[in-house]
Every structure is written in C-alpha cells, then in structure tokens.
Amino acid sequence: MRGSMPEKMKRIVTIQDISCIGKCSLTAALPIISAAGVETAIVPTAVLSTHTQFQNFTFRDLTDDMEPIRKHWEKENFQFDAIYTGYLGSIRQIDLVKDYFQTFQTEKTQIVVDPAMADNGKLYTGFDTHFAKKMGSLCSQADIILPNISEACLMLGVPYPGEDASEDVVKELLLKLAGLGSKIAVITGVSFADGSLGFLGYDTQTKQFFSYGTKKIPYKSHGTGDVFASAFTGALVNDFSIFDALKIAADFTCACIQHTYEDPHRVNYAVNFEAEIPYLLKRIGKSAR
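What comes next is a walk through the structure. Just so we're clear, the structure is a prediction, and the values are computed from it rather than from any experiment. (Residues numbered from 1 in each chain as written. Predicted model: local features only at pLDDT ≥ 70, side-chain atom pairs only at ≥ 80, totals over all residues. Heavy atoms only, no water.)

### Digging into the pairing of strand β10 (residues 197-203)
In step 1: Within β10, 6 of the 7 residues are buried, which leaves it mostly tucked inside the rest of the structure.
In step 2: Relative to β10, strand β9 (residues 184-191) runs antiparallel, the two sharing 7 bridges. Bridge pairing links alanine 185 to tyrosine 202 in β10.
In step 3: Counting the residues that bridge the hairpin from β9 to β10 gives 5 residues, and of these glycine 195 lies at a positive phi of roughly 90°.
In step 4: Taken together, β10 and the strand that follows it, strand β11 (residues 208-214), pair antiparallel across an intervening segment of 4 residues, in which lysine 207 is found at a positive phi of about 60°. (Buried < 20%, exposed > 50% of the residue type's maximum accessible area, 1.4 Å probe, protein only. Helix = DSSP H or I, 4+ residues; strand = E, 2+ residues; numbered from the N terminus. Pairing = 2+ DSSP bridges.)

As structure tokens, this is what we get:
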C-alpha cells in the first residue's frame, strides 16, 4: 500500500571467491541476491583472474582476512538472515567458515552450503579427496546443501555414477548425504526419465523426497550451480518455502541457459544470467512497478 512503512531489508552474507572474469561465485551471487531486494554482505575467500576452466589463472589467497572480518562483524553485532557459502579455496577456510556459522547463526538464520568443488566426476584444480571429505563436515552444519552428483559422490567417498544417474541412484546418494547432518539435502543437475533436468531432494524431518524438472537444453556451461544457489538463497530470504525457492532457482537457471544457447554472441565460459534478472524479479515479486 502506498505510504505504508517498508519492511526491514533482509541481509545475506555469502562466503566464496571472486573470479574476476567468469560470471560465477561472488560476481554472480552479489548481483542476483542484491537484485532480489536483499542486502548482500560478502566475504571473499580468494581473488582469481578467471574461474578454473581457464589455464594459468592467477590466485590470491584471502584466508588471512577471513578471521579479522568475522571478529570485526561480531563486535559490530551484525546479524544475517542467511549464510550462503560457495567455492572455498582450502581446508583452513572450511574451518574458518564454521566459525562464521557459530558466531552468526540464530534460530532464524538459514545456512545454505553449495559445496562447489567438482563437476563431471572430477575435483576442480587444487582440491583433493581430503578436501572433499572436509567439505562434508561443513555440510553437516548446514540447513540446506546443494551439491551436484559429482560433489555428492566425492563427499561420500562413493563411485561416481555419471551425470545421467537414475533417480533411484540419486535417492540413495541423498539418504547417505542426510547422514552427514544437514536438514535438507538437494542434488542438482539430475536427469529425469521424462527428459527434464532439475533437482531431487530429501527432507530429513518429513522423510520425504521431492523433485522438480525443467526443459533440458543441449548446452553446458560453467557457473550454473552458482546461479542456481544464489537465486535460491535470494528467494528463500524473500519468504518463499524451500521447495518454491528451489523451483524459482531452477526455472531461472533454465531461462539463463536457454538465453545463452540462443545467443550467437555468447561467451563459452558462462551463462547470460544478467539478461534474465527481470524474469527472476517477476517470479520473486520484486519487478518494477
């Protein structure tokens, strides 16, 4: 209603790297969440010249800055409606992120962990199986985790079944992921029997599986997991249910891939998420009036 007092703006802190070119991690999370009408605080874990698809990228480790930032924020009594983590550059950073959880989590704070570390059955450059296992310990402290099939298998230490794993295989992975301790486990990039692509999840409280699929577009690109996780967290903090926020994120990611697939001038390292932000805002209810 015109003239009514606006609601207090929500605030998310997202902890992940800055890839200067690549349209992923913080360069995706910050614009997507901010566009959703949510204040977006950031903790950069590293600065990379590009994301890891490229050869000879530069890497500046910011691990030593993470603890001073946390201590300063604690003194200022900052509070967050959600803590969302993505790419972390080292095992030490995982432990420091756990300190962020302990410091800033309240009963109303949602913790979302995207264990961004692998694709197509292989870990990203610089990671090993010990890192993957440690990431599993971070997921144990989350409310919602968002691994792809590769990341789920590596955290669990089980064989990789391929990107076209059956729903039954993915459900088995979800049950094992639930054993790590998160409230809700969601595996992204799941291929369904009807030809769609989407997510399959498991709620440890209701003991129920849930799923949703979108059109499968014959185009793969780096950064779609970051786009999905950022849109999901933005929608979640806008008071959508977990399932509805996941659906919004899936539809938005699909729209981004479709736009990129149809663009004759597309880059080959990322999706055109910027062009579809108006669609996301319409779905969240933040479109311009």
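### Notes on the pattern of salt bridges
In step 1: Overall, the coordinates contain 10 salt bridges when judged by the stated rule.
In step 2: Among the ionic pairs, lysine 23 bridges to glutamate 274, the shortest N-O distance being 3.3 Å. With lysine 23 in the loop between β1 (11-21) and α1 (25-35) and glutamate 274 in the loop between α8 (242-262) and α9 (277-284), the pair connects residues that are 251 residues apart, well separated along the chain.
In step 3: Two residues, arginine 70 and glutamate 67, come together in a salt bridge whose shortest N-O distance is 2.6 Å. On the criterion of helical spacing, the pair formed by arginine 70 and glutamate 67 is a turn pair, its members being 3 residues apart in helix α2 (residues 63-76).
In step 4: The class for arginine 70 is buried, based on a relative accessible area of 9%. (Salt bridge = Lys/Arg side-chain N within 4 Å of Asp/Glu carboxyl O.)

### Digging into the packing of α2 against helix α3 (residues 91-104)
In step 1: The contact between α2 and α3 brings their axes to 10 Å, and the two run at 5°. One element, α2, and the other, α3, form an angle in the roughly parallel class. In contact with Thr63, Asp64, Met66, Glu67, Ile69, Arg70, Trp73 and Glu74 of α2, α3 contributes Arg92, Gln93, Leu96, Val97, Asp99, Tyr100, Thr103 and Phe104.
In step 2: For the contact of α2 with α3, a count of residues per class yields 7 nonpolar, 3 polar and 6 charged. (Axes fitted to C-alpha atoms, helices over the stretch in contact; angles between N-to-C directions. Parallel < 35°, antiparallel > 145°, perpendicular 65-115°, else oblique. Contact = heavy atoms within 4.5 Å. Nonpolar A, V, L, I, M, F, W, Y, C, P; charged D, E, K, R; others polar.)

### A closer look at the nonpolar core
In step 1: With 46 residues, the main nonpolar core has Ile15 and Ile187 as its most contacted residues.
In step 2: Beyond its immediate chain neighbours, meaning those up to four positions away, isoleucine 187 contacts Pro147, Asn148, Ile149, Ala152, Val170, Leu173, Leu174, Leu177, Gly198, Phe199 and Leu200.
In step 3: Of all hydrophobic cores here, the second largest spans 41 residues; its members include Ala29, Ala82, Ala235 and Leu236. (Core = buried A, V, L, I, M, F, W, Y, C linked by side-chain atoms within 4.5 Å.)

### Looking at the sheet that holds strand β5 (residues 110-113)
In step 1: The strand order across the open sheet built from 9 strands is β3-β2-β1-β4-β5-β8-β9-β10-β11, with neighbouring strands paired in mixed fashion. Strands with a single pairing partner mark the edges of an open sheet, and in this sheet they are β3 (59-61) and β11.
In step 2: Here strand β8 (residues 144-145) pairs with β9 via 2 bridges, running parallel. Its bridge partner lying in β9, isoleucine 144 is registered against isoleucine 184.
In step 3: Its contacts with the sheet place α1 against β1, β2 (39-50) and β4 (82-85), and it is angled at close to 135° to β1.

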